[in-house]
Amino acid sequence: MLPVRMKFVQLLCMKPGKLETLFQIPFCQKQFPFMCLATSTCLHSKKKKVNSYELVDQEKYNNLVSSVTSYKTGAQTPETIFEEDNWLYGPPKQQKRPVKAETKAPKHWVPLINPNKKIPLLNNDSNFPMKIPLQENKTKMPSVTHILQQTISPQQAIYLERWKQKMILELGKDGFAEYTKNLFLQGHLFHAALESVFLSEEMVTKEQREDVTVSGYLSSVERVLKDISEVRALESAVHHEGLQYLGLVDCVAKYRGQLCVIDWKTSEKPKPSLKNTFDNPLQVAAYIGAINHDANYDFQVSCGLIVVAYKDGSPAHQHFMAPELCSEYWNKWLLRLEEYMDRNPPKLSSAEIKGVIEAFPTEGAQVPLHLAVTLDVTVEHPLQAKAFATQLAAMHHSIVTGAGGELRNGRGRALEP
DNA sequence: GGATCCTTCTTCTTCTTC
């Protein structure tokens, strides 16, 4: 109670103009002992309507202060305090919610679904899933997992490091290395077993069946497998032609009738919600975008599925990602990719310089390359494209992730999709 | 034959009061 009164007095000091109003309203009559009123009548002289702070009788004012602060009767109730506060500070303002960190938008947005991809009317009905080896992508492009690892949030990095140090304390350095090696091995074996399941009618090889761990994971996904059909790709390399990244997709198949990029995961801990899978949804979205922009695949995918399998055979958690959710994660992926590209701008090879020269032959020419964009390089005339390219190469500047660019008025810029 | 690549996993939140 006392602090409220103190504040009240403070306010009186700060806003002398309020004194007038204070003693006119009925509430204070209820609240303050007679002595206060007496004092107030002195202060509140109609002749001196100016009522500036200097005019306050300091001695009497001190009395007011002491009378107020020593006011100890139990007359205050929560209601009167509320009333008082309300008068002093005005009606309570709605507590402003902390503004959510603005959802960042990627600088150069590229759609997840490729509007230019022609899907053959007659679907290639070979029942054999595609498996494109990695080596076909000769150019040096960063991979999805590498980009995600390099752009992990500081918070996540701290948790991971803390966990790692704890494990090393428990197991020792060698023990920890053995532990991670084992985890990776389990993942590999599980993937291999799944591939056998999808490729051959007969379930799995003898060794795989006999492997206790793998059989646990397999029985964990047994029910999911019943919902999988029309496997279109297995452990197949994908690369995004515009955005210049690559990856190895686990599986593309229909899950309950919808074509999905499927990521099979093994986990020690249960992961009942999609949020428990950390960056996995971004990985899936990145693969979907890559498939849709990879000429090797004559189909497009708009859904994703993350299956988390458990060693003890308990039912796997399946997280289906509908198209809207995939788009959401696609945007998050684009941001991570941009962050990575900003930190590791690709250097131009001589072949790429040649590509730039060829791509900028005339004014307004389209540049169907990943090498477009915020080029702070100016050329006087299109014929100077060569000089421009050389300068560009020298700077190996802001190569963008956009779908393309153009040269207009001697300046390269990104094309809005 | 060796080297390299991609991937395989690992993390997770607070506070008060009744």
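Residues numbered from 1 in each chain as written. Chains lettered and ligands numbered in written order. Predicted model: local features only at pLDDT ≥ 70, side-chain atom pairs only at ≥ 80, totals over all residues. Heavy atoms only, no water.

Colleague: Can you walk me through the layout of surface pockets in this structure?
Modeller: Any empty space left between atoms is shown by rolling a water-sized probe over those atoms. Taken as a whole, the largest pocket holds about 2,200 Å³ of empty space. Taken together, 45 residues form the lining of the largest pocket, with Phe-184, Lys-265, Thr-266, Lys-271 and Asn-280 sitting closest to its centre. The set of elements that each furnish at least two residues to the lining of the largest pocket consists of helix 7 (144-150), helix 8 (154-199), strand 2 (245-255), strand 3 (258-267) and helix 12 (280-292). Per-element tally for the lining of the largest pocket: the top contributor is helix 8, with 15 residues. The class makeup of the residues in the lining of the largest pocket is 19 nonpolar, 16 polar and 10 charged. (1 Å grid on protein atoms, 1.4 Å probe; cavity = no way out; pocket = protein on both sides within 12 Å on 5 of 7 lines; lining within 4 Å. Points joined across faces, edges and corners; volume = space filled by probe spheres on them. Helix = DSSP H or I, 4+ residues; strand = E, 2+ residues; numbered from the N terminus. Nonpolar A, V, L, I, M, F, W, Y, C, P; charged D, E, K, R; others polar.)

Colleague: Is there a simple way to think about empty space enclosed by the protein in this case?
Modeller: Scanning the model with the defined rule gives three cavities of 30 Å³ or more in all. Of the volumes computed, that of the second largest cavity is approximately 50 Å³. Every residue lining the second largest cavity is listed: His-191, Leu-194, Glu-195, Phe-198, Leu-234, Glu-235, Asp-250, Cys-251 and Trp-264. In terms of residues, the lining of the second largest cavity owes the most to one element, helix 8, which gives four residues.

Colleague: Help me understand the nonpolar core in this model?
Modeller: Among soluble globular proteins, nonpolar side chains are generally buried collectively. Tyr-245, Val-252, Val-261, Ile-291, Val-301, Trp-330 and Trp-333 are the most contacted members of the largest nonpolar core, which has 39 residues in total. Looking at this core, the elements with two or more residues in it are helix 7, strand 1 (228-240), strand 2, strand 3, helix 12, strand 4 (303-310) and helix 13 (323-343). By size, the runner-up hydrophobic cluster in this structure holds 25 residues, among which are Cys-260, Val-307, Ala-309 and Ala-316. (Core = buried A, V, L, I, M, F, W, Y, C linked by side-chain atoms within 4.5 Å. Buried < 20%, exposed > 50% of the residue type's maximum accessible area, 1.4 Å probe, protein only.)

Colleague: Looking at this structure, how should I read the packing of aromatic side chains?
Modeller: In this description, a pair of aromatic rings is defined by centroid distance and the angle of the planes. Considering all chains together, one arrives at eight aromatic pairs under this definition. Note on Phe-190 and Tyr-217: the rings are 5.4 Å apart at their centroids and 45° apart in plane angle, and the pair reads as tilted. Taken together, the residues span a long stretch of sequence, with Phe-190 in helix 8 and Tyr-217 in helix 10 (residues 212-220) at a distance of 27 residues. Each member of the pair Phe-190 and Tyr-217 is classed as buried. Between Phe-198 and Trp-264, the aromatic rings sit 6.0 Å apart at their centres with planes inclined by 40°, giving tilted as the arrangement. Here Phe-198 is found in helix 8, whereas its partner Trp-264 is found in strand 3, with 66 residues between them in sequence. For Phe-198, a relative accessible area of 18% translates into the label buried. (Phe/Tyr/Trp six-rings, centres within 6.5 Å; stacked < 30°, edge-to-face > 60°.)

Colleague: What am I meant to see in the confidence of the model for chain A here?
Modeller: Caution is warranted with low-pLDDT regions, since their predicted coordinates should not be read in detail. With 53% of its residues at a pLDDT of at least 70, chain A reaches an overall mean of 72. Note that pLDDT drops below 50 for residues 1-48; the model gives that stretch 65 contacts with residues more than four away or on any other chain. Contacts from residues 372-385, a stretch scored under 50 in pLDDT, to residues over four places away or in other chains number 39 contacts. (pLDDT = per-residue confidence, 0-100. Contact = heavy atoms within 4.5 Å.)

Colleague: What is the right way to look at the UniProt feature "active site" (unreviewed entry) in chain A in this model?
Modeller: In the numbering used here, UniProt assigns the "active site" (unreviewed entry) feature to Asp-250, Asp-263 and Lys-265. Separation in sequence by 16 residues is not matched in space for these annotated residues, since their most distant C-alpha atoms are only 9.9 Å apart. Among the annotated residues just listed, those lining the second largest cavity are Asp-250. Setting aside chain neighbours within four positions, we find Asp-250 in contact with His-191, Ala-233, Leu-234, Glu-235, Ile-262, Asp-263 and Trp-264. Following the sequence through the fold, Asp-263 ends up in strand 3. Setting aside residues no more than four positions away along its own chain, Asp-263 makes contact with Asp-250, Gln-283, Val-284, Leu-305, Ile-306 and Val-307. Here Lys-265 takes part through its side chain, which lies 3.2 Å from a polar atom of the side chain of Asp-263. (UniProt positions renumbered as here; feature names shortened; annotations may be inferred. Polar contact = N/O pair within 3.5 Å; in protein donor to acceptor, adjacent residues only side chain to side chain.)

Colleague: Hey, could you run me through the protein's contact with DNA strand B in this one?
Modeller: DNA strand B sits among 31 residues. The nearest are Thr-145, His-188, Thr-266, Lys-271 and Tyr-287. Of what DNA strand B places within 4 Å of the protein, 58% of the atoms are sugar or phosphate. Residue Arg-162 places a side-chain N or O atom 3.4 Å away from a phosphate oxygen belonging to DNA strand B. The contact in question runs from a phosphate oxygen of DNA strand B to an N or O atom on the backbone of Thr-266, over 2.6 Å. Mapped by element, the contributors of at least two residues to the surface near DNA strand B are helix 7, helix 8, strand 2, strand 3 and helix 12. Per-element accounting of the surface near DNA strand B gives the leading share, 10 residues, to helix 8. Here the residues of the surface near DNA strand B are counted per class, giving 12 nonpolar, 12 polar and seven charged. (Near = heavy atom within 4 Å.)

Colleague: Teacher, can you tell me more about the pairing of strand 1 here?
Modeller: If a strand is regular, its side chains alternate between the two faces of the sheet. Extensive coverage of strand 1 is indicated by the burial of 10 of its 13 residues. Where strand 1 meets strand 2, nine bridges bridge the pair, whose relative direction is antiparallel. When the bridges of strand 2 are listed, Ser-236 appears paired with Val-249. Counting the residues that bridge the hairpin from strand 1 to strand 2 gives four residues, and of these Gln-244 lies at a positive phi of roughly 60°. (Pairing = 2+ DSSP bridges.)

Colleague: Looking at this structure, I do not really get the packing of helix 8 against helix 10. What am I missing?
Modeller: If you want to describe how two helices pack, look at the angle between their axes and the distance between the axes. Look at helix 8 against helix 10: their axes get within 9 Å of each other, and the N-to-C directions meet at 60°. Considered as vectors, helix 8 and helix 10 are oriented oblique to each other. Viewed along their axes, helix 8 and helix 10 form a crossing whose handedness is right-handed. Note on element contacts: helix 10 touches helix 8 through Thr-213, Val-214, Tyr-217 and Leu-218, opposite Gln-186, Leu-189, Phe-190, Ala-193, Leu-194 and Val-197. (Axes fitted to C-alpha atoms, helices over the stretch in contact; angles between N-to-C directions. Parallel < 35°, antiparallel > 145°, perpendicular 65-115°, else oblique. Left-handed = near helix turned anticlockwise from the far one by under 90°.)

Colleague: Any chance you could explain the sheet that holds strand 1 here in plain terms?
Modeller: Consider a sheet: its strands pair through backbone hydrogen bonds, and that pairing is either parallel or antiparallel. Read from one edge to the other, the open sheet built from five strands follows the order 1-2-3-4-5, with strand pairing classed as mixed. Every interior strand has two partners, whereas the edge strands, strand 1 and strand 5 (317-321), have only one. Sheet twist, expressed as the average angle between the axes of neighbouring strands with direction ignored, equals 30°. Of the strand pairs in this sheet, strand 2 and strand 3 are connected by five bridges, and their pairing is antiparallel. Among the inter-strand pairings, Tyr-255 is bridged to a residue of strand 3, identified as Gln-258. Its contacts with the sheet place helix 13 against strand 1, strand 2, strand 4 and strand 5, and it is angled at close to 85° to strand 5.

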